[in-house]
Amino acid sequence: MPRPITRIVSSSPVTYLQLRTHAPAVASIAESLAGRVRYLYELAAGVPAIADDGVVTPLNPQGRVGVDRSGPPWGDALQHPIWIWEGTPASTSIYGEKPIASLSTSGSKASVRARMIVRPFQLAPLAPYSLGQLTVRGIRTAGAGTATATIRTYAGTVAEDPARTATLTMASSTVLSSATVLIPLVPGYVERLIEIEATASVAFAVTHMSISQIVRRSH
Amino acid sequence: MARKKSASFVGSPVGDTVRDASIFARWIGNAAGDFQLTYDRITGENSHSASDTINHSGNGRGCPLALPIVSQQIERNLRIVGTVNQDDFFIILVPVFGAPGTQTHVVEVDTTQFEDDQMTAEVRDSSWALVSGPVVGNRPGGGRAMRFVVTLGQGWQYLAIKKYLRHDDVDPNGYLNGWRMWPEWLAPGESNGLTVTGSGAAGNKFAAQSTLTPATVASQVIDDAMVAADSPLDPWVLTRLNRLWGTLWEYFTGAPVPGNETITCTTTRDHSQTNFTAEPLLEMPVASVALGCIKERNVTIKSDFVGTIGTGSPIEGPIDWVRYPQTATGAILVSQASMWLPPFANASPASNLDCVVVICDYNTGVIGGNWQARVVNPTSTSGWSTFTRISTTNLWTATIASVGFSAGNENRMQIELQNTVGGSIVGQEIVVLGYGLAFDL
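Since this is a predicted model, take the numbers as computed values, not measurements.

Rules of the game
Residues numbered from 1 in each chain as written. Chains lettered and ligands numbered in written order. Predicted model: local features only at pLDDT ≥ 70, side-chain atom pairs only at ≥ 80, totals over all residues. Helix = DSSP H or I, 4+ residues; strand = E, 2+ residues; numbered from the N terminus. Rg over C-alpha atoms; globule rule 2.2 N^0.38 Å. Buried ≥ 20, exposed ≤ 12 C-beta atoms within 10 Å, placed from the backbone. Contact = placed C-beta atoms within 7 Å. Pairing = 2+ DSSP bridges. Domains from an automatic or database assignment. Expected span 1.5 Å × (residues − 1). pLDDT = per-residue confidence, 0-100.

**Student:** Would you mind going over the overall build of chain A with me for this structure?
**Tutor:** Along chain A, the regular secondary structure elements total 1 helix and 10 strands. Here chain A has a C-alpha radius of gyration of 26 Å; the compact-globule value for 219 residues is 17 Å, and the former is much larger. Counting across all 219 residues of chain A, residues that qualify as buried make up 54%. For chain A, restricting intrachain contacts to residue pairs at least 6 apart in sequence, the fraction spanning at least 24 positions comes to 70%.

Next up, the structure:
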């Protein structure tokens, strides 16, 4: 038979009207104020406030006790990279390095199937982890004019929302340009086909790409 | 008056707060003391012991963050050309950072499979002593991902993935797509009941304060005298405690107090030390990036090296993999990667973003110490850090401490190397194996 808890815990709110000078001194006020302090303490410490009583708060999305910074209400979502494809332009200084993609003809395409792990988070509308920012960086490599490319992402073989495309414009052969696309994320495995299509016949190279969790909070 | 603060959490006996219970002042006193203990542990304010603040290191100091260490796309061949013998290769040998409170990690490497070849994973410490493994991987569902489970200690270590590589005419399809590493989560869940909005969540309906700063909140203390025995049950104290709780809730959880769903805290906990100067800093991995590939034997033996030294394209060894700077002087851009970094404190005391680079010097002689590494990004350039040898191996590592970064922004990190000897490069070549970035206090 489980033991009853020895210290009060509560997640029930109390309004300011209940706390006015002439408001009745009902037990729910004490229960709420004292109980919610215990509730918040446990979320902060990640262990029961009263060891013998055990855990009194819900487990977080990763299955542990307490705020783990995976997004409200489990703390502000930590900004961090989720997927990386490093690279650098071809150089005589180092062998083996190569650009991710080199395109020069309008209509030509390059693609990669990106596979990544996203930490557990609460799936809810506007949850910070629910969108990852794909950043693609490139540079014009030859000729004059402006190199342009369209960046698209596919879930499986289906192109995502047409709004989730971006144009990469590379007018310089010395300064990197970038384009960003927001893609939906879910906890666990996420796989996306990322496609880059040249939209002008000016040569360019994609040097590196990444997907990051960039939103701190949803409110 | 002394600020009411519990030395450790006290709580209120259930019997003190039930209907018809006698009114004891102790419940409000303990609640105020417990609240201010919670406040100090979260914010580091009021000279609370730095060793007791909530820094998400587990063991009562906050739930571990358990962030994934890496998902890296690589896209390189795993085929050997030339006369180099087929052998065991470390196809990934990279620094990885173990965050506090997390140990068991899952590693997945996406490769082609040749017959029933095994692959192994091992974790080694800064002296190249085994921490975990070698463990044999398996392919769940027979897919391309080879999965390992390893134990990672706290701080910087090295992860090495070993695979037998063959000549391009034997295994013409040998290929490595990428790899991932993440801590074992108890439940890859989405939600467990606590919601952002709605009456089911903890909270109060009294609006939180519009700002949360030491000046406005730290001054609103509850003193011993306010909750002393025999003192009246003061609505002013109850309201203050309710208001403080609501503010701390919004600051710490990032969620609005129900009934007040438009968040009114102007900030949430970001470890920038702008709201609270003593707010605890966090340790967390940022990324590990694998670059090079070497024979296992080249870690300890200087023979049978991979690649043709000092020439252009390698005609020996794994295709497209060998990376050795071929110029003798000046900074050589080895790799660049973009990553978004959190809004951590970037001034003193800094959050200390470290970069660890590992190379292999497999030539005759000992030349690893002639090389240096640095990190360049659009906002800062670090100093050069000289490589030091890992025990008696041919591996050398350089740690660049306190790398500058743009907090709360995307950062383009460029890893550069230089040879300090200059002149002829013969005998000065190295393989750049990889690097890692982490907030390491």
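**Student:** What is the right way to read the sheet that holds strand β14 (residues 353-360) of chain B from this model?
**Tutor:** Strand pairing in a sheet is mediated by backbone hydrogen bonds. Such pairs are either parallel or antiparallel. Residues and elements named next belong to chain B. Reading across from one edge, β10-β21-β14-β19-β18 is the order of the 5 strands in this open sheet, with antiparallel pairing throughout. Each edge of the sheet is formed by a strand with only one pairing partner; in this case those strands are β10 (284-290) and β18 (388-389). Where β18 and strand β19 (residues 395-400) come together, 2 bridges link them in antiparallel fashion. Looking at the pairing, threonine 388 lines up with threonine 397 of β19.

**Student:** Hey, could you run me through the interface of chain B and chain A in this one?
**Tutor:** By a widespread convention, an interface's size corresponds to the accessible area lost as its parts come together. With 101 residues of chain B in contact, the opposing surface of chain A contributes 88 residues. Secondary-structure elements contributing two or more residues to the side of chain B that touches chain A are α1 (25-43), β1 (70-77), β9 (175-183), α3 (235-253), β10 and β13 (332-341) of chain B.

**Student:** Would you mind going over the domain arrangement of chain A with me for this structure?
**Tutor:** Entries for chain A in the domain assignment read domain 1 (1-57) and domain 2 (80-213). Computed from C-alpha coordinates alone, the two centres of domain 1 of chain A and domain 2 of chain A are separated by 49 Å.

**Student:** I would appreciate a short explanation of α3 of chain B in the present structure.
**Tutor:** Because an α-helix packs 3.6 residues into every turn, residues spaced three or four apart end up facing the same way. In this model, α3 of chain B (19 residues) spans 26 Å end to end at C-alpha, consistent with the 27 Å of a helix rising 1.5 Å per residue. Of the residues flanking the end of α3 of chain B, it is glycine 254 of chain B, one or two places downstream, whose phi is positive at about 75 degrees.

**Student:** Sorry, what's going on with the confidence of the model for chain A here?
**Tutor:** In this model, chain A carries a mean pLDDT of 87, and residues with pLDDT of at least 70 account for 94%. Ranking the helices and strands of chain A by mean pLDDT puts strand β1 (residues 80-85) of chain A first, with 96, and strand β6 (residues 158-159) of chain A last, with 73.

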